[in-house]
Amino acid sequence: MTKEQMQEVFETYGHGEMYNRFQTPLYVTGLLDEVEEEQLEDFFDNIEISPHAFFDEFRFWFQYFSVTQRS
């Protein structure tokens, strides 16, 4: 997913501020590089994450969600 796509999904779900805080860690870790927009949208549809969450919390829950969707 591109930077612009990530930003759009975060903003659509009301997490624009979170995206601003996570831009660098998302880039450095490559967490969402190979992820489709729909997967991030499904995550936000199904997981309620605090707007004040730390990046490690977001990464944990996103990876947890991703693994549960494979089975």
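Residues numbered from 1 in each chain as written. Predicted model: local features only at pLDDT ≥ 70, side-chain atom pairs only at ≥ 80, totals over all residues. Heavy atoms only, no water.

Caption draft 1: Quick look at the nonpolar core. Within the largest apolar cluster, 20 residues are counted, with the highest numbers of intra-cluster contacts made by Phe10, Leu26, Leu32, Leu40, Phe44, Phe58 and Phe62. Secondary-structure elements contributing two or more residues to this core are helix H1 (3-12), helix H2 (16-29), helix H3 (37-46) and helix H4 (55-70). Apart from the residues lying within four places of it in its own chain, the contact partners of Leu40 are Met1, Val9, Phe10, Leu32, Val35, Phe58 and Phe62. (Core = buried A, V, L, I, M, F, W, Y, C linked by side-chain atoms within 4.5 Å. Buried < 20%, exposed > 50% of the residue type's maximum accessible area, 1.4 Å probe, protein only. Helix = DSSP H or I, 4+ residues; strand = E, 2+ residues; numbered from the N terminus. Contact = heavy atoms within 4.5 Å.)

Caption draft 2: Inspection of the packing of aromatic side chains at higher detail. Per the counting criterion, the structure on display carries 16 aromatic pairs. Pairing Phe10 with Phe44 gives two aromatic rings, centres 5.1 Å apart and planes at 75 degrees, and the pair type is edge-to-face. Separated by 34 residues along the polypeptide, Phe10 in helix H1 and Phe44 in helix H3 bring together distant segments of the chain. On the basis of relative accessible area, Phe44 is assigned to the buried category, the value being 8%. An angle of 80 degrees between the planes, with centres 5.5 Å apart, marks the rings of Trp61 and Tyr64 as edge-to-face. Taken together, the residues span about one helical turn, with Trp61 and Tyr64 both in helix H4 at a distance of three residues. We classify Trp61 as partly exposed; its relative accessible area is 37%. Exposure remark for Tyr64: the relative accessible area of 46% places this residue in the partly exposed category. (Phe/Tyr/Trp six-rings, centres within 6.5 Å; stacked < 30°, edge-to-face > 60°.)

Caption draft 3: Here's a closer look at the side chain of His15. On the secondary structure map, His15 appears in the loop between H1 and H2. For His15, the residues in contact, after removing those within four places along its chain, are Phe10, Phe44 and Ile49.

Caption draft 4: Structural detail: the environment of Pro25. On the secondary structure map, Pro25 appears in helix H2. Taking the C-alpha atoms as reference points, Pro25 and Gln39, 14 residues apart in sequence, are found 19 Å from one another. Pro25 has contacts with Gly30 and Phe55, leaving out every residue within four places of it along the chain.

Caption draft 5: How the structure looks around H3. Among all positions of H3, only Leu40, Phe43 and Phe44 are buried. Around the axis of H3, the buried residues are gathered within 90 degrees of arc, so they sit on the same side. Across H3 from its buried face, at more than 90 degrees, point the exposed residues Asp45 and Asn46. (Arc of directions from axis to C-beta.)

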